[in-house]
Amino acid sequence: MLRLLQLAVILCALAPSAAVAAAPIVYTGSVAVRSQDEAERADALRSALAKVVIERSGDAGILAREDVANAVAKADRYVVQYSYHAEAGAAPLMLVAQFDAAAVDALLQRLGLRASTPLAGGDSASEVSVWIGGLRGVDDWLRVAGYLARQPRLRASRPLAAHDDGVLMRLSLDGGLAPFLDTLAAGQVLAVDAGAAPSGADAALVLVP
């Protein structure tokens, strides 16, 4: 298994930004839901997109416009991915949706609304080292790499070392480490490891089975 992990690290090191470069920039909206029922999910996605439109336009009353309301009703056109999240023993269940930023900005432009610059277009980024454990083989590594490639705050990543069941990664992040860790709770792929981070790592994560 270690040999397979090391092979994955070598392959990733040869092309460290390929997966990240292909990831779309996204806007995120979250909504409380009672269940994962399909009908409720459709309503929640519309509500999540409505929050994004309000945030990006800067107008809390913009949904009163019929053309804006009609566009928000087609939220499924703009969804990149969604997931459900609830803290242990806490309520309510949250649906967290990510929408294609380019498509949303194009929509706002068609509606005559002002769209501000996406987060990932910022001028500065923080460099951090993160340990990712719980990897049992190359399939797990590919799952992690694909997940990281979808994160809007991540500009670039490269593996530094692999041993035991984990990989030490160097990440270039918009907004720093704390906001990035906050976004992981909704993904249900990586979780913050409650134990101490290994030497050389700013944080420890573990793959969710």
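Participant: Got a sec to walk through the sheet that holds strand β2 (residues 79-85)? Specific residues and values, please.
Facilitator: Backbone hydrogen bonds are what pair the strands of a sheet, in a parallel or an antiparallel way. Here 3 strands make up an open sheet; going across it, the order is β1-β3-β2 and the pairing antiparallel. One side of each edge strand has no neighbouring strand; the edge strands of this open sheet are β1 (26-33) and β2. In this sheet, adjacent strand axes meet at a mean angle of 20° when their direction is disregarded. Pairing of β1 with strand β3 (residues 93-100) involves 8 bridges; the strand directions are antiparallel. When the bridges of β3 are listed, Thr28 appears paired with Gln98.

Participant: Go over the environment of Asp165, please, and point to the residues and values.
Facilitator: Locating Asp165 in the fold gives a position in the loop between β5 (154-163) and β6 (166-173). Sequence separation between Asp165 and Val206 is 41 residues, and the spatial gap between their C-alpha atoms is 9.8 Å.

Participant: Talk me through the sheet that holds strand β8 (residues 203-207); I want residue IDs and the actual numbers.
Facilitator: An order of β5-β6-β4-β8-β7 is seen for the 5 strands of this open sheet, with the pairing classed as mixed. Where the open sheet ends on each side, the last strands, each with one partner, are β5 and β7 (190-192). In this sheet, adjacent strand axes meet at a mean angle of 30° when their direction is disregarded. Here β7 pairs with β8 via 3 bridges, running antiparallel. Following the sheet pairing, Val192 is matched in β8 by Leu205.

Participant: Provide a residue-level description of the confidence of the model for the protein, including the pertinent values.
Facilitator: Confidence in the prediction for the protein averages 76 pLDDT; 78% of positions are at 70 or higher. No element of the protein has a lower mean pLDDT than helix α2 (residues 18-22), which averages 40, and none a higher one than helix α4 (residues 66-72), which averages 93. In the predicted structure, residues 13-24 sits below a pLDDT of 50 and forms 13 contacts with residues beyond four places in sequence or in another chain. Here residues 115-123 is a poorly scored stretch, pLDDT under 50, and it has 20 contacts once near neighbours within four places are set aside; other chains count.

Thresholds applied
- Throughout, a residue's number is its position along its own chain's written sequence, starting from 1.
- In keeping with the predicted nature of the model, local features appear solely for residues at pLDDT of at least 70, side-chain atom pairs appear and are counted solely at 80 or more, and the whole-chain, interface and lining totals rest on all residues.
- Side-chain numbers come from the whole structure's heavy atoms, not from hydrogens or water.
- Paired strands, as defined in this entry, are two strands with at least two bridges between them according to DSSP.
- Runs of E in the DSSP output that reach at least two residues are strands. Runs of H or I that reach at least four are helices, and both are numbered from the N terminus.
- Angles here are taken between N-to-C directions and fall from 0 to 180 degrees, while the axes themselves are lines fitted to C-alpha atoms, restricted in helices to the stretch in contact.
- Within a predicted model, pLDDT stands for the predictor's per-residue confidence, ranging from 0 to 100.
- The contact criterion used throughout is that any non-hydrogen atoms of two residues lie within 4.5 Å.

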